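# Structure assessment
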Amino acid sequence: MERPRSVSDELERWLQGDSDKTLGSLVELFEEKSFAILFVLLLGLPALPLPTGGATHVFEIIAVVLAAQLIAGRTQIWLPQRWCRLELAGDRQQRFIAGLMKLIRRLERFSKPRLRFLFDHRLSNIVFGLLVIAGCAGAFLAPPFTGLDTLPALGVVLLSLGVLLEDAAIVVLGLAVGVAGVALEIVLGSAAVKGIGKLI
């Protein structure tokens, strides 16, 4: 019996294949899992430990639009044709996807299906969509140039990888990272407000 392809295997096959390296072809490859892979791609850049100055807000907004489709019960992503034709073949994009594959392979080494019955149901998809929106909101509302959007975005990336791998342990890890990021924003934001109040 042939071993089913892993997520990293599928990505590598897509990168090395003859098909167009577009957003639409990636959605076709992952089918019902395409929501999760797009959340990983969209929130991957804000998850990097680099101050973005709000430049990644457009990715977070697109992720919220996709999460709303998931909550509404769509099993296939709808994207404008212009977005579907978006090329992912540039050197920078392919380096990012190659880095993403390394992360996925690391997780696949110790990951195994845990509580698989929780995944790919109407209710679990709604919860997944709501958690993605919450993580995106945390990243979006982080003050510019502080790097505080990193943890909420990373939480969404890990959560989405947990859904891709059907591993509840990685989902819990993603939730913990996301909650820690939002809590850090609140604590530091409150301290900043108090500091400004004392100066005034």
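Report on the accompanying structure. (Residues numbered from 1 in each chain as written. Predicted model: local features only at pLDDT ≥ 70, side-chain atom pairs only at ≥ 80, totals over all residues. Heavy atoms only, no water.)

We now examine the nonpolar core. Counting 48 residues, the largest nonpolar core has L11, L38 and F39 as its most contacted members. Listing elements by their share of this core, those giving two or more residues are helix 1 (7–16), helix 2 (23–30), helix 3 (34–44), helix 4 (57–71), helix 6 (91–110), helix 7 (122–140), helix 8 (150–165) and helix 9 (168–199). (Core = buried A, V, L, I, M, F, W, Y, C linked by side-chain atoms within 4.5 Å. Buried < 20%, exposed > 50% of the residue type's maximum accessible area, 1.4 Å probe, protein only. Helix = DSSP H or I, 4+ residues; strand = E, 2+ residues; numbered from the N terminus.)

Turning next to the side chain of S25. By the secondary structure assignment, S25 is in helix 2. Of the polar contacts made by the side chain of S25, one reaches the backbone oxygen of T22; its length is 2.8 Å. If we skip the residues at most four places from it in the chain, S25 touches W14 and D20. (Polar contact = N/O pair within 3.5 Å; in protein donor to acceptor, adjacent residues only side chain to side chain. Contact = heavy atoms within 4.5 Å.)

Taking 1.5 Å per residue, 15 residues should reach 21 Å; helix 4 reaches 21 Å between its end C-alpha atoms and fits that length. Of the residues making up helix 4, those classed as buried are E60, I62, A63, L66, A67, Q69 and L70. Tucked inside the fold, the buried residues of helix 4 contact helix 3, helix 5 (81–84) and helix 7. Two residues or fewer after helix 4 comes G73, characterised by a positive phi angle close to 100°. (Expected span 1.5 Å × (residues − 1).)

The next thing to look at is helix 8. Along its 16 residues, helix 8 runs 22 Å from first to last C-alpha, staying within 8% of the 22 Å computed at 1.5 Å per residue. Counted residue by residue, helix 8 has 14 buried out of 16 residues, so it is predominantly covered. Note on helix 8: the residue one or two positions beyond its end, E166, has a positive phi of about 55°.

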